[in-house]
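Close look at the chain arrangement
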Amino acid sequence: APGLVAQCMAQAKDVAVQRKLAAEFLGTAVLVLTVGGNVATPSAFGAISIGASLTIMVYALGPISGANLNPAVSTALLVAKKLELPLFILYVAAQLLAGIFSCLFFSLLFGGGSVLGPGEG
């Protein structure tokens, strides 16, 4: 739909939307890095660190973008008609780019990836 692409491009030029996208990118990146850190270096306090980082990001970025920080949350808001389609597309793009960036950064930081699977016992 050329109209949809044009709407997304027009919104992406708006400074307020750019702030929202930057907030979504930052918050998602912090969340993915926190989760990745807990996967790579298991800790008894993993859930606490993830919850704390999510809470901080929601309080810090919520007033700017709503702090969706997750394509599933953005999708739920779209279905509930709380988020318009062009902004939804931009949010999900920012969130996916943040996830990819975080994975690349994480692999550089730790020299590879982590094996996900069931633990011992």
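Above this text is the structure in question.
What comes next concerns the included structure. The shown structure was predicted, so the numbers you read here are calculated from the model rather than taken from an experiment.

Before going further, it helps to examine the nonpolar core. Ranked by size, the top nonpolar core spans ten residues in total: Cys8, Val17, Leu21, Leu83, Leu87, Phe88, Leu90, Tyr91, Val92 and Ala94. Every element with two or more residues in this core is listed here: helix 2 (15-40) and helix 5 (85-110). With six residues, the single largest contributor to this core is helix 5. Counting residues in hydrophobic clusters, the runner-up holds five residues, among them Ala23, Met57, Leu61 and Ala67.

Take a nonpolar patch on the surface next. Among the surface-exposed residues, Phe101, Phe105, Leu109 and Phe110 lie close enough to one another that they form a single nonpolar patch of about 400 Å² accessible area. For Leu109, the position within the fold is in helix 5.

Moving on, we get to the packing of helix 4 (residues 71-79) against helix 5. At a minimum axis distance of 9 Å, the contact between helix 4 and helix 5 shows a crossing angle of 175°. Viewed along their axes, helix 4 and helix 5 adopt a mutual orientation that is roughly antiparallel. On the side of helix 4, the interface is formed by Pro71, Ser74, Thr75 and Leu78, while helix 5 contributes Leu85, Phe88, Tyr91, Val92, Gln95 and Leu96.

With that out of the way, let us pick up unusual backbone geometry. Despite not being glycine, Ala67 shows a phi value in the positive range, around 50°. If you trace the backbone, Ala67 turns up in the loop between helix 3 (46-65) and helix 4. With a relative accessible area of 10%, Ala67 lands in the buried category. The phi dihedral of Lys81 falls on the positive side, at around 60°, and the residue is not glycine. Mapped onto the fold, Lys81 is located in the loop between helix 4 and helix 5.

Basis of the calculations
Just so you know, the residues in each chain are numbered from 1, in the order the chain's sequence is written. Since the coordinates come from a predicted model, pLDDT governs what is reported: local features require at least 70, and pairs of side-chain atoms require 80 or more to be given and counted, while whole-chain, interface and lining totals use all residues. As a convention, hydrogens and water are excluded, and side-chain values are obtained from all of the structure's heavy atoms. Here, the term nonpolar core denotes a set of buried Ala, Val, Leu, Ile, Met, Phe, Trp, Tyr and Cys residues that are joined through side-chain atoms within 4.5 Å. The rule is simple: take the accessible area with a 1.4 Å probe, protein chains only, and divide by the maximum for that residue type; under 20% is buried, over 50% is exposed, in between is partly exposed. The way it works is that DSSP assigns letters per residue, a run of H or I at least four long becomes a helix, a run of E at least two long becomes a strand, and they are numbered from the N terminus. A residue counts toward a patch only above 30% relative accessible area and without a salt bridge, and it is joined to like-charged neighbours within 9 Å or, for Val, Leu, Ile, Met, Phe, Trp and Tyr, to nonpolar neighbours within 5 Å. To measure how exposed things are, a 1.4 Å probe is used in the Shrake-Rupley method; for residues, cover is taken only from the protein chains shown. Should a side-chain nitrogen of Lys or Arg be within 4 Å of a carboxyl oxygen of Asp or Glu, the pair is scored as a salt bridge. Axis angles are defined between N-to-C directions and span 0 to 180 degrees, where every axis is a line fitted to C-alpha atoms and, for a helix, only to the segment in contact. Should an angle fall under 35 degrees it is called roughly parallel, over 145 degrees roughly antiparallel, and 65 to 115 degrees roughly perpendicular, with every other angle called oblique. Every residue pair with non-hydrogen atoms within 4.5 Å of one another is taken to be in contact.

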